Amino acid sequence: MSQLLLDVNGLTMRFGGLVAVNGVNLKVKNRQIVSVIGPNGAGKTTVFNCLSGFYIPTEGSVMLKNEQIAGLKDYQISRKGLVRTFQHVRLFQKMTVIENMLVAQHRHMNTNLLSGLLKTPNYRRLEKDAMEHAAHWLKEVGLMDYANREAGNLAYGQQRRLEIARCMVTQPELLMLDEPAAGLNPNETKELDELIIKLRDEHEISILLIEHDMSLVMGISDHIYVIAQGTPLANGTADEIKNNPDVIKAYLGEE
Ligand SMILES: Nc1ncnc2c1ncn2[C@@H]1O[C@H](COP(=O)(O)OP(=O)(O)OP(=O)(O)O)[C@@H](O)[C@H]1O
């Protein structure tokens, strides 16, 4: 039976007098793809920033596997199994693909400077594991042949896939993707679509997605939440959302 992984209640974020997020509720179960959609400026990225520890929410509770994570630092939250990508690619552009993968794991490795300098057996074992994980995920996202290329020289769609691989190497249970299809061509979007489904079906993780590409959202989401002006507007399956008059009005009202 699917278990509740993330349970967000009454999430509110104020910036001075501006209420960017107002009482948002969200649930993500194990092995689910859940999307958050809404017109520009609806508060989607602010929700992500609150969940991932980038902001401390003004109000509300964020439970990850029954544990309160609101107010924790981003690295504490990622160690608990929730990791994210950002709206704009944030790779180390001058490092190689494999170096990007190794750096990502370093924060999760329980080592200290001395064990690194002395190359203790434990340190060597962790290094070997890190290399194996990196190679495994590069294969999974189709980038093994590019391992020694500079990340900045990859095509944009490949950079997006590398970002996902870099998250996966830290073994998350919940992966949050902020507009992963932005700037991708139709072929790259199709590859992304297949990768996200594979992560859920073969790797048994949950994905929380912000995305403006409606065909991607409608095609892959198990559940969709719509927010408008920071406030929850609707939630349901793709069919329920497509036919919801309030949602249609919120989107048409934008033009
Ligand atoms: N750090 C901040 N300080 C002040 N206001 C902010 C801050 N971050 C976001 N906002 C405001 O909060 C509101 C929601 O912004 P947010 O970026 O979360 O929307 P969004 O739904 O992600 O938009 P888009 O789809 O255009 O990326 C906007 O009015 C924005 O200007």
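Residues numbered from 1 in each chain as written. Predicted model: local features only at pLDDT ≥ 70, side-chain atom pairs only at ≥ 80, totals over all residues. Heavy atoms only, no water.

Per an unreviewed UniProt entry, the protein chain is named High-affinity branched-chain amino acid ABC transporter ATP-binding protein LivG, and its organism is Amphritea atlantica. As its UniProt record puts it under Sequence similarities (unreviewed entry), the protein chain is described as follows: "Belongs to the ABC transporter superfamily." (UniProt positions renumbered as here; feature names shortened; annotations may be inferred.)

A closer look at the pattern of salt bridges
A complete count under the given rule lists 15 salt bridges for this structure. Measuring nitrogen to oxygen at the nearest pair gives 3.0 Å for the salt bridge that ties Glu59 to Arg14. Of the two residues, Glu59 is situated in strand 4 (residues 59-64) and Arg14 in strand 1 (residues 4-15); the sequence distance between them amounts to 45 residues. Residue Glu204 is joined to Arg31 by a salt bridge in which the shortest nitrogen-to-oxygen separation is 3.7 Å. In this pair, Glu204 sits in the loop between helix 7 (186-201) and strand 8 (206-210) while Arg31 sits in the loop between strand 2 (18-29) and strand 3 (33-37), placing the two residues 173 residues apart along the sequence. For Arg31, a relative accessible area of 40% gives the class partly exposed. (Salt bridge = Lys/Arg side-chain N within 4 Å of Asp/Glu carboxyl O. Helix = DSSP H or I, 4+ residues; strand = E, 2+ residues; numbered from the N terminus. Buried < 20%, exposed > 50% of the residue type's maximum accessible area, 1.4 Å probe, protein only.)

Describing the domain arrangement of the protein chain
Domain boundaries assigned for the protein chain yield domain 1 (1-81 + 173-255) and domain 2 (91-171). Between the C-alpha centres of domain 1 and domain 2 the distance comes to 26 Å. Between domain 1 and domain 2, the residue contacts involve 20 residues of the former and 15 residues of the latter. The tally of links from domain 1 across to domain 2 stands at two salt bridges. A salt bridge links Glu140 to Lys198; the shortest N-O distance between them is 3.2 Å. Residue assignment for the side of domain 1 that touches domain 2 shows that the elements contributing at least two residues are helix 2 (74-79), strand 7 (174-178) and helix 7. The biggest single contributor to the side of domain 1 that touches domain 2 is helix 7, with six residues. In terms of residue class, the side of domain 1 that touches domain 2 is built from ten nonpolar, three polar and seven charged. (Domains from an automatic or database assignment. Contact = heavy atoms within 4.5 Å. Nonpolar A, V, L, I, M, F, W, Y, C, P; charged D, E, K, R; others polar.)

Points about the environment of Tyr225
Turning to its location among the elements, Tyr225 is positioned in strand 9 (residues 223-228). Judged by its relative accessible area of 11%, Tyr225 falls in the buried class. C-alpha of Tyr225 to C-alpha of Val169: the two residues are 56 residues apart in sequence and 28 Å apart in space. Ignoring anything within four residues of it in the chain, the contact list for Tyr225 reads Asn25, Leu26, Lys27, Val34, Ser35, Val36, Ile37, Ala234 and Asn235. A polar contact of 2.9 Å, which involves the side chain of Tyr225, links it to the backbone nitrogen of Lys27. (Polar contact = N/O pair within 3.5 Å; in protein donor to acceptor, adjacent residues only side chain to side chain.)

A few points about the side chain of His223
By the secondary structure assignment, His223 is in strand 9. A distance of 2.7 Å separates a polar atom in the side chain of His223 from a polar atom in the side chain of Asn235. Apart from residues no more than four positions distant in its own chain, His223 is found in contact with Ile33, Val34, Ser35, Asn235 and Gly236.

Comments concerning the side chain of Asn244
For Asn244, the position within the fold is in the loop between helix 9 (238-242) and helix 10 (245-252). On the basis of relative accessibility, which here comes to 19%, the residue Asn244 falls in the buried class. At 2.8 Å, the side chain of Asn244 forms a polar contact with the backbone nitrogen of Asp246.

Observations regarding the pairing of strand 1
Relative to strand 2, strand 1 runs antiparallel, the two being bridged by nine bridges. Paired with Leu4 across the strands is Lys29, a residue of strand 2. In textbook terms, the turn of a hairpin is the stretch between consecutive antiparallel strands, and for strand 1 and strand 2 this stretch comprises two residues, one of which, Gly16, has a positive phi near 60°. (Pairing = 2+ DSSP bridges.)

So, the state of the cysteines
Covalent bonding between the sulfur atoms of two cysteines defines a disulfide. Counting across every chain of the model gives zero disulfides. With no disulfide of its own, Cys50 has Cys167 as its nearest cysteine by sulfur position, at a separation of 19 Å. On the accessibility criterion, Cys50 (2% relative accessible area) is buried. (Disulfide = S-S within 2.5 Å.)

Things to note about the site of the ligand
The environment of the ligand is made up of 15 residues, and the closest members are Gly41, Lys44, Thr45, Thr46 and His212. Contact distances for the ligand include 2.9 Å between an oxygen atom and a backbone N or O atom of Gly41. Between an oxygen atom of the ligand and a side-chain N or O atom of Thr46, the distance comes to 2.6 Å. When the ligand is considered free in solution it has 630 Å² of accessible area, and contact with the protein chains removes 64% of it. Contributing elements (two or more residues each) for the shell around the ligand: strand 2 and helix 1 (44-51). With three residues, the single largest contributor to the shell around the ligand is helix 1. Broken down by class, the residue content of the shell around the ligand amounts to six nonpolar, seven polar and two charged. (Near = heavy atom within 4 Å. Areas by Shrake-Rupley, 256 points an atom, 1.4 Å probe, with all protein chains shown as cover.)

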